[in-house]
Amino acid sequence: MRTSSRRAGHALSVRGIGKAYNVANRQATTLAESVSDWVGRARTGRKRDQFWALQDVTCDIEQGEILGLVGRNGAGKSTLLKIIAGVTAPTTGAVDVYGRIGSMLEVGTGFHPELTGRENVFLNGAFIGMRRAEIRSRFDEIVEFSGVSDFLDVPIKRFSSGMQVRLAFAVAAHLDADILLVDEVLAVGDQAFQDKCLGKMKEVRQKEGRTVLFVSHNLAAVANLCTRGLLLSGGRVIADASASEITRLYSAGVAIAATTDEVDLTPLPRSKPAAARCTSIRVNAVAEDGTPLDGITRGCTLEVAVTVQATDAVNRALLGVEAMDERGRPAFGVSTDTVDAWIDLAAGDRRTVVVRLRNLQIRPGLYTVGLTLTTVTDMLDELDAVVRFEVTPEPGAGYERWPGWPAAAYAPRFSASVG
Amino acid sequence: MTQPAPAGESELHLVPLRRIRSDARRTPLDLPELWRYRDLWLTLALRDVKLRYRQTALGIAWVVLLPLIASGVFTLVFGVVAHLPSEGNPYFLFVFAGFLGWTAFQNTLQRCSISLIGNTTLVTKVYFPRIMLPASSVLASVLDFAIGAVILLAVLAVRGSFPPLTSLLLVPLLLFLLQCLALGMGLFAASLTVRFRDVTYILPFLIQLLLYASPVAYGVAVVPDRLRRFYLLNPVAPLLDAMRAALLGKGDVHWKAVGVSGVVSLAVLAAGTLYFLYQDRLNADVI
């Protein structure tokens, strides 16, 4: 590689990266399956069914940038990070890495439950490529940052997940990596610690000029922290722009058209199997008696009907519905547990949960809806921006999408029924 | 970039430190990188050593107890009941010396084979040279061997039959070759286990067979002459036989067979490494 041919300060050069997976149910895991698989393919001459998790991703990342990767579940964000980290090999394309990469690990990864906190600091550090001497010299700093100094000699299996994530983050934040990969690690941990982590990441960049690749569903953090964003959808980069522009595009749901028709949610990729999930959604305005109305206006009753399908029995699940405005600010959010509506499902059950929001007080504009289906213990389904709806100005209003309308999340009065 | 850092590590990199290519057929054997990660090897190996007997009542004593019990049983069956010869040693010590080499071989092979599937989250989430996982199993085996050998030598010293130093000098060399063989086979087993869990069932069975096909519970001398050449084709056999002779300071060493075994061991290690690196690219997707 000739050094004169590129600008000084590249951290990563990603060219035409693609990643195909064989569809899960065709993956042979025993010898017998592998043989029958092979025989089957030889007979029919058919290629395995492939799923492209990532296609044709190209971008250059400069040193010192904090790049936010934004997209729905299954958009390919984590796959991209894994390829850059070298965990999994790309199917097409190439990446040149100019510097030492450090990955911030998911909670618990790289920790051994039986080892003490102290031993795990060394283990975790070693996995991300730190030398023992390096860890030893920064040990006090790491412990102080994590705030778990009283528990250093306790096996980590006795730590709460919050304490674990604090320790894991503390180790990674003190790694002398040129490029830091951060994948959704901040989902755990309380607000104060999250703020501390975000502050640390900013400081790392400003002081030491490190590059950070940051995956998060926390749009506020992306907008606040990142210097640039990539919006991924269906494994492709659909926008490469400033972080605030990316979060705006994402929450406006650029990939989705506004509709009051029923939207099928089954094709959306999920990160893990669960006992139940949302299979369809419909958002529209209704009259007092429940008949659908054309158009959604301020003050109307908004009906969100979500079909839930279970493969295993689920007890006392709740459905959360939230709406974001075009700039990624929450407009409202409701959860069925607050009106004491619970979803009980036997294996194979399909039920429709209807949430009715009365006297909707949000300004005219475009909104995206996100769904959360969860029990007290298990997250069943979590979907961002599944459908977009438009609130049109009411007849006779003297403005259209008046920009001065205050953005504020509010708790609308609502009722829910499980049918 | 003003921050003080080890030379070259935080400087502007003008040449890519790493190139990731879709058309590469295998993970490159990057020796400088392995060297950079040497502390990971040590940390993983120490983790194995520390964890093995944590939350056990007898702790480290198991390292000695298991071969002692096994030697006792084999002494009873092969020495007392079957009256097999033991080249002029008490049968128990004869078997125990054989067991030390065998345990070092077997432990490495077994730990290697599950080293990838036992660390699934790491393999799918973190980058590090994967070969460190199987390779780290060697240290624990070597430590166990050292503890057992010290006890054996202490007993021999008390009995007044301490082996000559020249024969003891062979011990590290033979241990090295045994570990190369076990690691080589373990690298095959580890990669295969990722794809075919069948291996986890077959391997213990094969190891059991190999134990009886190797001079552990009995000596090479009881193998009929016309079969001995074939017997010694098992690469573990000459090494274990020589290891016992070296530890006890008594007995014939089949030098030619040891030489062939040594070459085979190194070749198996090289082939295992290569196979591992070829399979490595897809491990994270298949595991």
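Please read these numbers as outputs of a predicted model, since none were measured by experiment. (Residues numbered from 1 in each chain as written. Chains lettered and ligands numbered in written order. Predicted model: local features only at pLDDT ≥ 70, side-chain atom pairs only at ≥ 80, totals over all residues. Heavy atoms only, no water.)

### Description of the overall build of chain A
Per the secondary structure count, chain A includes eight helices and 20 strands. Put simply, chain A has 419 residues, and 51% of those count as buried. Sequence separation of 24 or more characterises 73% of the internal contacts of chain A that already satisfy a separation of 6 or more. A total accessible area of about 18,100 Å² is found for chain A, and carbon and sulfur atoms account for 50% of it. (Helix = DSSP H or I, 4+ residues; strand = E, 2+ residues; numbered from the N terminus. Buried < 20%, exposed > 50% of the residue type's maximum accessible area, 1.4 Å probe, protein only. Contact = heavy atoms within 4.5 Å. Areas by Shrake-Rupley, 256 points an atom, 1.4 Å probe, with all protein chains shown as cover.)

### Section: the sheet that holds strand β3 (residues 66–71) of chain A
In any sheet, the strands associate via hydrogen bonds between backbone groups, in a parallel or an antiparallel arrangement. All names here are of chain A. The sheet built from six strands is open, its strands ordered β5-β6-β7-β3-β8-β9 with mixed pairing. With one partner strand each, in any of the chains shown, β5 (101–104) and β9 (236–241) form the two edges of the open sheet. The sheet shows a mean angle of 20° between the axes of neighbouring strands, taken without regard to direction. Helix α2 (residues 77–85) contacts β3, β5, β6 (179–183), β7 (211–215) and β8 (228–233) of the sheet and is inclined by roughly 150° relative to β6. (Pairing = 2+ DSSP bridges. Axes fitted to C-alpha atoms, helices over the stretch in contact; angles between N-to-C directions.)

### Looking at the environment of B:Cys112
Residue and element names in this part refer to chain B. By secondary structure assignment, the location of Cys112 is in helix α4 (residues 91–115). Residues Cys112 and Ile131, 19 residues apart in the sequence, show an inter-C-alpha distance of 9.8 Å. When neighbours within four sequence positions are excluded, Cys112 is seen to be in contact with Pro134, Ser137, Leu183, Gly186 and Ala190.

### Thoughts on the packing of α4(B) against helix α12 (residues 236–248) of chain B
All names here are of chain B. At a minimum axis distance of 9 Å, the contact between α4 and α12 shows a crossing angle of 130°. In terms of orientation, α4 and α12 fall into the oblique class. Handedness of the α4/α12 crossing: right-handed. On α12, the residues that touch Leu93, Phe94, Val95, Ala97, Gly98, Leu100, Gly101, Trp102 and Phe105 of α4 are Val236, Leu240, Met243, Arg244, Leu247 and Leu248. (Parallel < 35°, antiparallel > 145°, perpendicular 65-115°, else oblique. Left-handed = near helix turned anticlockwise from the far one by under 90°.)

### Some points on the sheet that holds strand β1 (residues 18–21) of chain B
Here we have four strands laid out as an open sheet, ordered β2(A)-β1(A)-β4(A)-β1(B), and antiparallel in their pairing. Each edge of the open sheet carries a strand with a single partner, namely β2 (50–62) of chain A together with β1 of chain B. For this sheet the average axis-to-axis angle between neighbouring strands, irrespective of direction, equals 15°. With nine bridges connecting them, strand β1 (residues 10–22) of chain A and β2(A) associate as antiparallel partners.

### Things to note about the interface of chain B and chain A
At the interface, 45 residues of chain B touch 57 residues of chain A. Overall, the association of chain B and chain A removes approximately 4,500 Å² of surface from exposure, summing both partners, and the carbon and sulfur fraction of that is 54%. Here chain B and chain A share three salt bridges between them. Across the salt bridge formed by A:Asp96 and B:Arg21, the nearest N and O atoms sit 3.1 Å from each other. Applying the counting rule to chain B against chain A returns ten residue pairs in polar contact (both at pLDDT 80 or more). (Buried area = accessible area lost by both parts, 1.4 Å probe. Salt bridge = Lys/Arg side-chain N within 4 Å of Asp/Glu carboxyl O. Polar contact = N/O pair within 3.5 Å; in protein donor to acceptor, adjacent residues only side chain to side chain.)

### Digging into the confidence of the model for chain A
Summary statistics for chain A give a mean pLDDT of 80 and a share of 83% for residues scoring 70 or more. Taken as a whole, residues 1–7 of chain A scores under 50 in pLDDT and shows twelve contacts with residues more than four places along the chain or in a different chain. (pLDDT = per-residue confidence, 0-100.)

### Concerning the packing of aromatic side chains
Scanning all chains against the criterion turns up 13 aromatic pairs over all chains. Aromatic pair A:Phe127 and B:Phe128: ring centres 5.1 Å apart, planes at 55°, arrangement tilted. A residue pair is termed interchain when its members come from two chains, as with A:Phe127 in helix α3 (residues 117–127) and B:Phe128 in the loop between α5 (120–125) and α6 (132–135). You can call A:Phe127 buried: its relative accessible area is 0%. Residue classification places B:Phe128 among the buried positions, given a relative accessible area of 1%. (Phe/Tyr/Trp six-rings, centres within 6.5 Å; stacked < 30°, edge-to-face > 60°.)

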